[in-house]
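What follows is the residue order along each chain.
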Amino acid sequence: MPRVILVSLAVLTASSALAHRPIFPTEPPTSPDTAAVILRPQVSQVIYHEIAEGSEQVWLTFAGEEGQEIFLQIGIPVIERLEGYRPIMAIVGPGLPDTEVPFALPPACGILAFGTEEIAEPRFFAEKFTGTDSWILREETVALPQSGTYYLVAWVPGNAPGKLWLSIGQEEVFGISDLGRMRGWTRKVRHFHEVEGTWPKLQRLAVGGLAAVVAGLVYLLTRWLDH
């Protein structure tokens, strides 16, 4: 039985390392005032967004320290009509350049933008845990020039309708408590990527592994109490 527990834990660890932690805010994060709050910017997290009228940008916000390195990445789902879709991502905050953009920035903030229009062959990424595919367009690491409130924002030139995802952080952090959310998360992610079905094989293995862990712990506790 201990061997079963170890194997199950290995399955859980391997599966969790395959995915960004998804962000599904209750309020559309389409402006600095409604930006989704990131408490741990070092943790790998992703937000999915559809560009449309009234939702021309997607915003995240976090508290940063001077010299702190922030990893940001942008991509699009592998959908034929989006093959040439090229959004822009940017970091916004104190001490950054004063650059003109087609929307208002928060007070005392500059912006450092990273375009993707020159990307001819995006990097293909197969997300095995959700069973979805993406094209990664660009990733950057930025050292914050000052301490303060920062934002990540993504938009598309001309507000062309389409879909993108924006991620922050590189540390993969999932816990056993997250497994109860996995099915709902996966349904939303697959819907965004326009993929049919709800629960990939790897997730079934992970949840099965959790069941085996719980059963194993109960068995060991019972044996210990019996003695």
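Residues numbered from 1 in each chain as written. Predicted model: local features only at pLDDT ≥ 70, side-chain atom pairs only at ≥ 80, totals over all residues. Heavy atoms only, no water.

(A) The arrangement of the side chain of Glu127 in detail. Positionally, Glu127 belongs in strand E8 (residues 123-127). Although buried, Glu127 forms no salt bridge, and the nearest oppositely charged side chain, Lys128, lies 8.6 Å from it. A polar contact is formed between the side chain of Glu127 and the backbone nitrogen of Phe129, at a distance of 3.0 Å. (Helix = DSSP H or I, 4+ residues; strand = E, 2+ residues; numbered from the N terminus. Buried < 20%, exposed > 50% of the residue type's maximum accessible area, 1.4 Å probe, protein only. Lys, Arg positive; Asp, Glu negative; His and termini not counted. Salt bridge = Lys/Arg side-chain N within 4 Å of Asp/Glu carboxyl O. Polar contact = N/O pair within 3.5 Å; in protein donor to acceptor, adjacent residues only side chain to side chain.)

(B) Region of the structure containing the sheet that holds strand E11 (residues 162-168). In spatial order, the strands read E1-E3-E11-E5-E9-E8; together these six strands make up an open sheet with mixed pairing. Looking along the sheet, the strands with just one partner apiece sit at the ends: strand E1 (21-23) and E8. Pairwise comparison of adjacent strand axes, ignoring direction, gives a mean angle of 35° for this sheet. Taken together, the four bridges between strand E5 (residues 69-77) and E11 define a ladder with antiparallel strand orientation. Among the inter-strand pairings, Gly75 is bridged to a residue of E11, identified as Trp165. (Pairing = 2+ DSSP bridges. Axes fitted to C-alpha atoms, helices over the stretch in contact; angles between N-to-C directions.)

(C) Expanded view of the sheet that holds strand E6 (residues 88-93). The strand order across the open sheet built from five strands is E2-E4-E10-E6-E7, with neighbouring strands paired in mixed fashion. Looking at the sheet topology across the chains shown, the edges are occupied by strand E2 (36-37) and strand E7 (110-114).

(D) How the structure looks around the pairing of E11. Of all seven residues making up E11, seven are buried, and the element is well covered by its neighbours. The pairing of strand E3 (residues 45-51) with E11 spans seven bridges and is antiparallel. In the sheet register, Gln45 faces E11, and the bridge partner there is Ile168.

(E) Representation of the packing of aromatic side chains. This model, assessed by the stated rule, comprises six aromatic pairs. For the pair Trp59 and Phe103, a centre-to-centre distance of 5.7 Å together with 80° between the ring planes defines the contact as edge-to-face. Remark: Phe103 occurs in the loop between E6 and E7 and Trp59 occurs in strand E4 (residues 57-64); sequence separation between them is 44 residues. The class of Trp59 is buried, set by a relative accessible area of 0%. Taken together through their ring pairs, the aromatic side chains of Trp59, Phe103, Tyr151 and Trp155 make up a single cluster. Seen from the ring of Phe192, Lys163 lies directly overhead, with NZ or CZ sitting 5.1 Å from the centre. A cation over a ring is seen here: Lys188 above Phe24, with NZ or CZ 4.8 Å from the ring centre. (Phe/Tyr/Trp six-rings, centres within 6.5 Å; stacked < 30°, edge-to-face > 60°. Lys NZ or Arg CZ within 6 Å of the ring centre and 35° of its normal.)

(F) The nonpolar core, seen in detail. Residues Leu60, Phe62, Ile91, Leu152 and Leu166 are the most contacted members of the largest nonpolar core, which totals 30 residues. Counting residues per element, the ones that place at least two in this core are E3, E4, E5, E6, strand E9 (132-143), strand E10 (148-155) and E11. With four residues, the single largest contributor to this core is E5. Contact partners of Leu166, with chain neighbours within four places excluded, come to Gln45, Val46, Ile47, Val58, Leu60, Gln73, Ile74, Met89, Leu152, Val153 and Ala154. Listed in part, the 12 residues of the second largest apolar core include Ala35, Ala90, Val101 and Ile111. (Core = buried A, V, L, I, M, F, W, Y, C linked by side-chain atoms within 4.5 Å. Contact = heavy atoms within 4.5 Å.)

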